[in-house]
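Understanding the architecture of this molecule
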Amino acid sequence: MQPTNDIIFNKLNEGRHTTAATLQQLDMFSDIPTPTNTTPTEYWYYSDLHNLFGETSFPTTPAPKKAQLHTWQKMYAPQVSSTTTQTNLYNSHTEITYRSFFLGGTHFKNAQDIKLSRYACWCLSRNNPSLAFARAYFLAPVITPNATLKDIQNYSYQISRIHLRETLKQYEKNLAGILNRYHADFSRFNHSMTMGFFYGYSANDLKNHYNIPSRNNDPLANYMGCFSLYARINALHKTIYRFNTSPVKNAETIYSILHQELIQERVNMLKKHGIAPEQDIHSTSVTKVESQLKQTEKEFIKKFANQKLR
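These numbers come from a predicted model, not from an experiment. (Residues numbered from 1 in each chain as written. Predicted model: local features only at pLDDT ≥ 70, side-chain atom pairs only at ≥ 80, totals over all residues. Heavy atoms only, no water.)

**Focus: the overall build of the protein chain**
Scanning the protein chain for helices and strands turns up 11 helices and 6 strands. Within the protein chain, contacts between residues at least 6 apart in sequence are counted, and of these 66% link residues at least 24 apart. Here the protein chain has roughly 17200 Å² of accessible surface; of this, 51% comes from carbon and sulfur atoms. (Helix = DSSP H or I, 4+ residues; strand = E, 2+ residues; numbered from the N terminus. Contact = heavy atoms within 4.5 Å. Areas by Shrake-Rupley, 256 points an atom, 1.4 Å probe, with all protein chains shown as cover.)

Printed below as a string of structure tokens:
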């Protein structure tokens, strides 16, 4: 089970270490201390990340007799320059260390662990939708100075909209295939998708209310928030499943099932989150959020990709 955002925030803060910024060593011929590392790099232990997020996100060998941590080798390294290679990423942003720690409920003494820089941690989280909050946490220094739990939570919410919108598109595509097969009326389908879910409000009603420009090929779903996107995905998923298992297959069956599921997901959303779908609309489109995220990550790479742990 994924830990709550406040637990993730506190655990990542507690588990954050830095290379010694003020570490000094005495020159054998002088009383003047000489700094050996003046640019501290933040790092987290792989074992701590695994224990926090679980095997789904940070897997290791099942029931290991000794701690063998391999997932870091699969990190995706964004291209920083033509000379940047995966090897450079490992050399700069990871470091093998030996320490005592718990992993998957087993206590290891003086076992192999891995230090991962902020950049390396971001690499591990960036392509995993379930780690949107962690992704935002590691990006935080370029989002806002001294980001709070609320700052990171709000940003991760926007990041999550990107993945959920892509997932919804796939369900819409699958359902469109069924509609075509049974010669359903798409205008009636689109009407059901909005009026039932948004309790009588049309897409134009909501766009006008939120001052969203009406453009061709720019559906309301591009402005829906995480809660309403997730509810819509559930409704379409259940509609497709129920239709495929229904003894009667025609356009009327699709309309009926879809209407029922959209209303039920609306009720579920109100019970769980205390807001209705029409209240979970944003003036900023998912496309713009994605564009802003790319710019943020570009700035993050520029700032952190050249850091070194050793």
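Once you've had a look at it, read on.
**Notes on the pairing of strand β5 (residues 94–103)**
In this structure, β5 lies alongside strand β6 (residues 106–117), joined through 9 bridges in antiparallel fashion. By the bridge assignment for β6, L103 is matched with T106. Taken together, β5 and the strand that follows it, β6, pair antiparallel across an intervening segment of 2 residues, in which G104 is found at a positive phi of about 60°. (Pairing = 2+ DSSP bridges.)

**Notes on the pairing of β6**
The sheet contact formed by strand β4 (residues 42–45) and β6 spans 3 bridges and is antiparallel. Within the sheet, the bridge partner assigned to Y43 lies in β6 and is S117.

**Considering the confidence of the model for the protein chain**
One rule of thumb: low pLDDT means the predicted coordinates there are not for detailed reading. When the pLDDT values of the protein chain are averaged, the result is 83; 81% of them are 70 or greater. Here strand β2 (residues 24–26) stands out as the least confident element of the protein chain, with mean pLDDT 39; helix α9 (residues 226–244) is the most confident, with 96. Below pLDDT 50 for its whole length, residues 21–38 participates in 21 contacts with residues either more than four positions away or in separate chains. Low confidence marks residues 61–87, where pLDDT is under 50. Its contacts with residues over four positions away, or in another chain, come to 51 contacts. (pLDDT = per-residue confidence, 0-100.)

**Here we look at the packing of helix α6 (residues 149–181) against helix α7 (residues 186–195)**
At their nearest, the axes of α6 and α7 sit 11 Å apart, and the two run at 140° to each other. The angle between α6 and α7 places the two elements in the oblique class. Two packed elements cross with a definite hand, and for α6 against α7 that hand is right-handed. On the side of α6, the interface is formed by E172, L175, A176, L179 and N180, while α7 contributes F186, F189 and M193. Per-class residue counts for the contact of α6 with α7 are 6 nonpolar, 1 polar and 1 charged. (Axes fitted to C-alpha atoms, helices over the stretch in contact; angles between N-to-C directions. Parallel < 35°, antiparallel > 145°, perpendicular 65-115°, else oblique. Left-handed = near helix turned anticlockwise from the far one by under 90°. Nonpolar A, V, L, I, M, F, W, Y, C, P; charged D, E, K, R; others polar.)

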